[in-house]
Amino acid sequence: MNPPRDKSVTAIYPGSFDPVTNGHLDLIARGANIFDKLIVAVARNLDKDPLFDVKERTEMLEAVTFDWENVEVDVFDGLLMDYARAKGARAILRGIRAVSDYEYELQMALMNRKIEPQIETVFMMPAEAYSYLSSRLVKELARLGGPVKCLVPPIVDERLRAKVSQKQTRSH
Ligand code: PNS
């Protein structure tokens, strides 16, 4: 028989969040609805060079998740599964937008399962309206002066504008 365990379920929603988009927020809302506690975990060390540093990414996430009592924002280093274990999490939440996300996500989920079989990866789909949305495209749009207002929360829109104009001033 399995040992008795805490019935409340903590899930980790890990990512780069460079920056958080309306698609991420949609997933946070869905996750907060089914898990007792959702920790949005910002990866400190990324292979890619982030536009926003970890403090900025965290600040924006804290501002936009303020109203959810069961959502917490944190930063993690190293292996995701070590962090998830330390937090007592039972699930990893990841979003799948389109078939193109599937292969990478499957690979990551299976590798994470190999590392820690007790923690499940749970995939959720954001609303169709966000199926084309990514932080990478948002950054590209912002850099080229395209409309990002309807794709990100207002605080991210402001920070993106400030960041882009700061970069442009520096390069002149
Ligand atoms: O938003 P992203 O960039 O798709 O998030 C990817 C992230 C940060 C969740 C992933 O790269 C990760 O978990 N990094 C932590 C290091 C780790 O555990 N790597 C092994 C994954 S199988």
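Keep in mind it's a predicted model, so treat the numbers as computed, not measured. (Residues numbered from 1 in each chain as written. Predicted model: local features only at pLDDT ≥ 70, side-chain atom pairs only at ≥ 80, totals over all residues. Heavy atoms only, no water.)

Looking now at the side chain of D18. Relative to the helices and strands, D18 is located in the loop between β1 (10–15) and α1 (22–34). There is a polar contact of 2.8 Å between the side chain of D18 and the backbone nitrogen of L51. Not counting the four nearest positions on each side in its chain, D18 is found in contact with P50, L51, F52, R57, S135 and K139. (Helix = DSSP H or I, 4+ residues; strand = E, 2+ residues; numbered from the N terminus. Polar contact = N/O pair within 3.5 Å; in protein donor to acceptor, adjacent residues only side chain to side chain. Contact = heavy atoms within 4.5 Å.)

With that out of the way, let us pick up the environment of L93. Among the structural elements, L93 can be located in strand β4 (residues 91–95). In sequence terms L93 and V40 are 53 residues apart; their C-alpha atoms lie 9.3 Å from each other. Filtering out sequence-adjacent residues up to four positions away, L93 remains in contact with I12, Y13, P14, L27, G31, F35, L38, V122 and M124.

Moving on: the site of the ligand. If you check the shell around the ligand, you find 14 residues, and the closest are S16, K48, L79, L80 and R94. One of the side-chain N or O atoms of S16 is found 2.5 Å from an oxygen atom in the ligand. Between K48 and the ligand, the recorded distance is 3.0 Å, taken from a side-chain N or O atom to an oxygen atom. Coverage of the ligand by the protein amounts to 74% of the 550 Å² it exposes when considered alone. A majority-of-atoms criterion places the ligand in the largest pocket. Those elements that provide at least two residues to the shell around the ligand are β1 and α4 (99–115). Considering each element in turn, the shell around the ligand owes the most residues, four residues, to α4. Here the shell around the ligand is built from residues that sort into eight nonpolar, four polar and two charged. (Near = heavy atom within 4 Å. Areas by Shrake-Rupley, 256 points an atom, 1.4 Å probe, with all protein chains shown as cover. 1 Å grid on protein atoms, 1.4 Å probe; cavity = no way out; pocket = protein on both sides within 12 Å on 5 of 7 lines; lining within 4 Å. Sits in = over half its atoms within 2 Å of the grid points. Nonpolar A, V, L, I, M, F, W, Y, C, P; charged D, E, K, R; others polar.)

Across the junction of D18 and P19, the peptide omega takes the value 0°, indicating a cis bond. In this fold, P19 is placed in the loop between β1 and α1. Although it is not a glycine, F17 sits at a positive phi angle of roughly 50°. When you line up the elements, F17 lands in the loop between β1 and α1. Since its relative accessible area comes to 2%, F17 is described here as buried. (Buried < 20%, exposed > 50% of the residue type's maximum accessible area, 1.4 Å probe, protein only.)

Further remarks concern the nonpolar core. Y13, I28, L38, V40, L61 and L160 are the most contacted members of the largest nonpolar core, which totals 33 residues. With residues near it in sequence (within four places) discarded, V40 still touches Y13, F17, I28, L61, V71, E72, V73 and D74. (Core = buried A, V, L, I, M, F, W, Y, C linked by side-chain atoms within 4.5 Å.)

Before going further, it helps to examine α1. Counted at 1.5 Å a residue, the expected span for α1 with its 13 residues is 18 Å, and the 19 Å between its end C-alpha atoms agrees. Residues of α1 that are buried include every one of N22, G23, H24, L25, D26, L27, I28, G31 and A32, and no others. The N-cap residue of α1 is T21: its side-chain oxygen and the backbone nitrogen of G23 are 3.1 Å apart. (Expected span 1.5 Å × (residues − 1).)

A word on a nonpolar patch on the surface. A cluster of nonpolar side chains, contributed by V99, Y102, L106 and L110, occupies part of the molecular surface with about 390 Å² of accessible area. Within the element layout of this structure, Y102 appears in helix α4. (Patch = residues over 30% accessible without salt bridge, like charges linked within 9 Å, V, L, I, M, F, W, Y side chains within 5 Å. Salt bridge = Lys/Arg side-chain N within 4 Å of Asp/Glu carboxyl O.)

This structure, assessed with the given rule, holds 15 salt bridges. A salt bridge links E56 to K163, with the shortest nitrogen-to-oxygen separation between them at 3.0 Å. Remark: K163 occurs in helix α6 (residues 154–171) and E56 occurs in helix α2 (residues 54–64); sequence separation between them is 107 residues. In this pair, the class of E56 matches that of K163, namely buried. Among the salt bridges present, the one from R159 reaches E59, with a minimum N-O distance of 3.1 Å. Separated by 100 residues along the polypeptide, R159 in helix α6 and E59 in helix α2 bring together distant segments of the chain. Looking at R159, the relative accessible area reads 27%, which means it is partly exposed. We classify E59 as partly exposed; its relative accessible area is 28%. Put simply, K55, E59 and R159 are held in one network by salt bridges that share partners.

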